[in-house]
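A closer look at the structure
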Amino acid sequence: MTQEPTVSVNDVAAFREAVLRKLTYSVGKDPEHAFDHDWFEAIALATRDHVIDHWMEHTRQSYRGGQKRVYYLSLEFLIGRLLIDSLSNLGILDTARQALAELDVDIERIRALEPDAALGNGGLGRLAACFMESMSTLGIAAHGYGIRYEHGLFRQVIVDGWQHEQTETWLDFGNPWEFERPEVSYLIGFGGHVTAVNENGRQKHFWHWAEGVRSIAYDTPIVGWRGASVNTLRLWRARAEADFHLERFNAGDHIGAFAEGARAESISRVLYPNDSTEAGQELRLRQEYFFVAASLQDLLRRHLKQRGTLDSLPQFASIQLNDTHPAIAVAELMRLLVDVHGYEWERAWELTVGTLSYTNHTLLPEALETWPVGLMERLLPRHMQIIYLINAHHIDSLRARDNHNIELLRSVSLIEEDHGRRVRMGNLAFLGSHSINGVSALHTELMRKTVFRDLYGLYPERINNKTNGITFRRWLYQANPKLTGLVVEALGEAVLDSPESLLRGLEPFAEQAEFRRRFAEQRLENKRVLARLIRERVGVTVDPNALFDVQVKRIHEYKRQLLNLLHTVALYHAIRNDPGAPWVPRVKILAGKAAASYHQAKLIIKLANDIARTVNDDPTVRGLLKVVFLPNYNVSLAEQIIPAADLSEQISTAGLEASGTSNMKFALNGALTIGTLDGANVEMSEQIGLEHMFIFGLTAQQVEARKRAGEYNAEAIAIESPRLNEVLEAIRNGAFSSDDPGRYTGLIDGLKWHDTFFVCADFEAYWQAQLEVEARWRDPARWWRSAVLNTARTGWFSSDRTIRQYAGEIWKVLDDK
Ligand SMILES: *Cc1c(COP(=O)(O)O)cnc(C)c1O
């Protein structure tokens, strides 16, 4: 047994007094009349004071120590709430809990009031947030750079089964974690034209931009575990140079006077709600350039101040590009070095490639970012020239190496000529970086063979793998205190500091019936809490003893929520056909947002809700199967769902999920995975053991072979499988949509004609795997043994491990980490 955490009375009293002071002097309320939200603000401000002490100390240290700095550029940071995160990492969560109890304030109620900062769409943005926390934990001097969107990812409401998008307003009550830095501000240009003059035999270029937008910095401190160090997340807001045009206003144009300002400020107004597919809108390119230009100017200024020269940039700075969204950094860094700082082209290129590295996140062709040359020329004329010049040098050097293969030259060019002329941001990021990494072993291998096949042939040493990870602080310690308590009881406090190596110590406990019982008991308690939430949010009553079968993630065809729904209907039919059989009671839980313009994904949400209504209301099912779609999936909801899951659905078409990270969150919390050999599932099966997961379906290679052969016929498969056929016909003919019987005709016919994601091909294997799930569930000793082993063997998926690999192999910082 570990000891009760020792909390000094003084600490408790001090925290209590600090909160009261903040409530009085910062919020301006007395305790008698304070609303919960006032308390939240006071508590957050009191917590922030603790953070600031560590922050200043760490910032001073990193300046003094002259450490190399890491800059993580990401258009998305899916942060979630910060109150419990900060208290927990500072080690004062219990102190705070006790202090608030003395004030008669329930911290759990206050916790729920914090808006969920959703400045990202899904996995990519959440990865950036986990990385920030791990970099602070490992003591790496890092800055995150992104955009301070006024409106984050939309709020999803479900009306009559359909998704509707509502504006997200996380800043309505202010944001206690951030510091506005009006003095840290850069003017970012757009449009205009370029002139060249000859200076001492050298062409010098001047970009006369037409429109200037001001970037204002907002800093949020990110605390590492046990306050190890505190780094800064710097997000930029766009502000017009002048609020409005006074002369136009005085001339009577009261609306037009504000138009330019509104256009400038729209840059940081709203996050593009697209996951995996690019919007291709001008505003998106403006966002990308805006935050890249502000961040590069900021970090060059810091470097110059500290080192006096940019010659040493690669030695003391690493800039990681999270996907191609910041890829314009290649051209912007070249512009700054050549046009502003007077470097020769070749030297500037060395510095650029030496400093930048790029993480690829997707192989989906529709998600590979390209921009029309015309748009680039209009918005960023100097950058377009630079891109042409990079391309010319690149192609020339290939010809010099005797590469005259036209096909090769076409494929590695920065300019795509086939579909109108477009700039390929993936190729730009690749050429301008010394390291290009994928996010799981399989994804990196496929990257070498597909998107970057030809560039890989030219620069094989540049591509490497960094399998994603998650921060255990948020996804185990904070999200699941009950399981954390059990693990600490078994392995001691030290496991919290070194879970990567020590969690394995749980393996022998998997053999102990008493430990398995307690492991199952903590799950049941979490499931009771989730059952309550389900009743409150969607009015469905579920039995906490049933198998909680969960698929939560963005809704996308390649993630195959549809396959899960087909299984749901097949199970429903089977129960109706034989209601007396000993069925395993099951609750299917789904959640996730669809991009507002993604009609097929929105139809799948409607189908989930149609199936839920039909199944939940059917008396012959007698509650053996329940279906729940929880609205508005976000980090906070994930923190409540994942610790209560028994079964984790990771069933993407093999070869299409780059890594996945929710697969890791579930396994860490002891859920068993049903999944394909895709993304990081492959490495999970190596760590955890195939026998403790339910792996099924086509492999990436088999999918590829079928595509190549071109003879895949989904309809034939459906005809051969009476079970699948019955499911498809029922949905197609309106069994779940009697109000609009034709609603799913197109969906099902489409599936039969061109089943792009091999849903039908994998259906039978999935059904069989689900039968194995039920068999295991019926044998609790086996189920809970596997569950304990999942937790024990997931240590490798800590984002601390991932960041250590980036630090050692790409950034070359802190060789001892
Ligand atoms: C972890 C996480 C994701 C990523 O989920 P995948 O299943 O890996 O796609 C998306 N959204 C939220 C809120 C998350 O916490």
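Just so we're clear, the structure is a prediction, and the values are computed from it rather than from any experiment. Going along each chain's sequence as written, the residues are numbered from 1 onward. Reporting in this predicted model follows two pLDDT cut-offs: at least 70 for local features of residues, and 80 or more for side-chain atom pairs to be given and counted; totals over whole chains, interfaces and linings ignore these cut-offs and use all residues. Note that water and hydrogens are dropped before the side-chain values are worked out from all heavy atoms of the structure.

When helices and strands are tallied, the protein shows 35 helices and 24 strands. Each radius of gyration is computed over the set of C-alpha atoms, and the globule rule expresses the reference value as 2.2 Å times the number of residues to the power 0.38. In terms of overall size, the protein behaves like a compact globule, its C-alpha atoms giving a radius of gyration of 27 Å where 817 residues would be expected to give roughly 28 Å. With the principal axes as the frame, the protein shows a C-alpha extent of 90 × 75 × 65 Å. We call a residue buried when its accessible area falls under 20% of the maximum for its residue type, exposed when it is over 50%, and partly exposed in between, using a 1.4 Å probe and counting protein chains only. Buried residues in the protein amount to 60% of all 817 residues. Between two residues, a contact is recorded if the distance between any of their heavy atoms is within 4.5 Å. Taking the intrachain contacts of the protein between residues at least 6 apart in sequence as the baseline, contacts between residues at least 24 apart amount to 76%. Helical segments are the DSSP runs of H or I of at least four residues, strand segments are the runs of E of at least two, and each set is numbered from the N terminus.

The alternating pattern of strand E17 (residues 435–438) places Ser435 and Asn437 on one face and Ile436 and Gly438 on the opposite face, and all of these are buried. Only strands that DSSP links by at least two bridges are regarded as paired with each other. Two elements, strand E13 (residues 356–359) and E17, share 3 bridges in a ladder whose sense is parallel. Directly across from Ser357, in E17, lies its bridge partner Ser435. Alignment of E17 against strand E18 (residues 463–465), held across 3 bridges, turns out to be parallel. Each residue of the ladder has a partner; that of Gly438, found in E18, is Asn465.

What follows covers the environment of Leu533. Position of Leu533 among the secondary structure elements: in helix H23 (residues 513–538). Between the C-alpha atoms of Leu533 and Leu637, which are 104 residues apart in sequence, the distance is 9.9 Å. Not counting chain neighbours up to four residues away, the residues in contact with Leu533 comprise Leu630, Leu637 and Gln640.

With that out of the way, let us pick up unusual backbone geometry. Trans is the prevailing form of peptide bonds, just as negative phi is the prevailing case for residues other than glycine. Positive phi values are uncommon outside glycine, yet Asn632 reaches one of about 60°. Take Asn632: it is sitting in the loop between strand E21 (625–630) and helix H26 (635–641). A positive phi angle, near 55°, is found at Phe758, a position not held by glycine. Summarising the element assignment, Phe758 is placed in the loop between helix H32 (745–753) and helix H33 (759–777).

Looking now at the sheet that holds strand E20 (residues 586–591). Spatial strand order, E21-E20-E19-E22-E23-E24: 6 strands in an open sheet with parallel pairing. Edge positions in the sheet fall to E21 and strand E24 (694–695), since each has one partner strand and no second. Of the pairings in the sheet, the one linking strand E22 (residues 647–650) to strand E23 (residues 672–675) comprises 4 bridges and is parallel in character. Each bridged residue has a counterpart across the sheet, and for Gln650 the counterpart in E23 is Gly675.

Our next topic: the site of the ligand. Any residue with a heavy atom positioned within 4 Å of a molecule or strand is treated as near that molecule or strand. Lining the immediate environment of the ligand, one finds 14 residues, of which Lys553, Lys559, Thr661, Ser662 and Lys665 sit closest. The contact in question runs from an oxygen atom of the ligand to an N or O atom on the side chain of Lys559, over 2.7 Å. Counted as a polar contact is a pair of N or O atoms within 3.5 Å, where, for protein atoms, one must be capable of donating a hydrogen and the other of accepting one, and residues adjacent in sequence contribute only when both atoms are in side chains. A distance of 2.8 Å separates an oxygen atom of the ligand from a polar atom in the backbone of Thr661. Coverage of the ligand by the protein amounts to 96% of the 390 Å² it exposes when considered alone. Put simply, the parts of the chain that give the shell around the ligand at least two residues each are H26 and helix H27 (662–668). Residue burial considers only the protein chains on display, and all accessible areas are found by Shrake-Rupley using a 1.4 Å probe.

Below, the discussion takes up the packing of aromatic side chains. A pair of aromatic rings is counted whenever rings of Phe, Tyr or Trp (Trp by its six-membered ring) have centres within 6.5 Å, and the orientation is called stacked for planes under 30 degrees apart, edge-to-face for over 60 and tilted otherwise. Summed over the entire model, instances satisfying the criterion amount to 23 aromatic pairs. On the numbers, 6.4 Å between centres and 45° between planes, the contact of Phe515 with Phe519 is tilted. Of this pair, Phe515 and Phe519 both sit in helix H23, 4 residues apart, roughly one helical turn. Look at Tyr806 and Trp811: their rings are 5.2 Å apart centre to centre, the planes differ by 35°, and that puts the pair in the tilted class. Taken together through their ring pairs, the aromatic side chains of Phe509, Phe515, Phe519, Phe694, Trp777, Trp783 and Trp784 make up a single cluster. Definition used: whenever NZ (Lys) or CZ (Arg) falls within 6 Å of the ring centre and also within 35 degrees of the ring normal, the charge is taken to sit over that ring. Positioned above the aromatic ring of Tyr218, the side-chain terminus of Arg148 is 3.9 Å from the ring centre. Directly above the aromatic system of Phe154 lies the positively charged group of Lys593, at a separation of 5.4 Å from the ring centroid.

Our focus in this paragraph is the pattern of salt bridges. Here, a salt bridge means any Lys or Arg side-chain nitrogen found within 4 Å of an Asp or Glu carboxyl oxygen. Inspection of every chain in the model, using the stated rule, returns 61 salt bridges. Measuring nitrogen to oxygen at the nearest pair gives 2.7 Å for the salt bridge that ties Asp549 to Arg586. Taken together, the residues span a long stretch of sequence, with Asp549 in strand E19 (residues 547–552) and Arg586 in strand E20 at a distance of 37 residues. There is no split in this pair, since Asp549 and Arg586 are both buried. When the shortest N-O distance is used, the salt bridge between Arg732 and Asp749 registers 2.7 Å.

It is worth spelling out helix H34 (residues 780–792) at this point. Expected helix span is taken as 1.5 Å per residue step, with the number of steps being one fewer than the number of residues. Here H34 contains 13 residues, and its C-alpha end-to-end distance of 18 Å stays within 8% of the 18 Å for a straight helix at 1.5 Å per residue. Of all the residues in H34, the buried ones are Trp783, Trp784, Ser786, Ala787, Val788, Leu789, Asn790, Thr791 and Ala792.

Across its 26 residues, helix H9 (residues 282–307) extends 37 Å between first and last C-alpha, which sits within 8% of the 38 Å expected from 1.5 Å per residue. Two residues or fewer after H9 comes Gly308, characterised by a positive phi angle close to 80°.

Angles here are taken between N-to-C directions and fall from 0 to 180 degrees, while the axes themselves are lines fitted to C-alpha atoms, restricted in helices to the stretch in contact. Relative orientation of the contacting elements H23 and H34 amounts to 80°, with a least axis distance of 9 Å. Regarding the angle of H23 to H34, the classification is roughly perpendicular. Residue-level contacts link Phe515, Arg516, Phe519, Ala520 and Arg523 of H23 to Ala781, Trp784, Arg785, Ala787, Val788 and Thr791 of H34. For the contact of H23 with H34, the per-class residue count stands at 7 nonpolar, 1 polar and 3 charged. Just so you know how the angles are binned, under 35 degrees is roughly parallel, over 145 roughly antiparallel, 65 to 115 roughly perpendicular, and the rest oblique. All amino acids are sorted into three groups, where Ala, Val, Leu, Ile, Met, Phe, Trp, Tyr, Cys and Pro are nonpolar, Asp, Glu, Lys and Arg are charged, and the leftover types, Gly among them, are polar.

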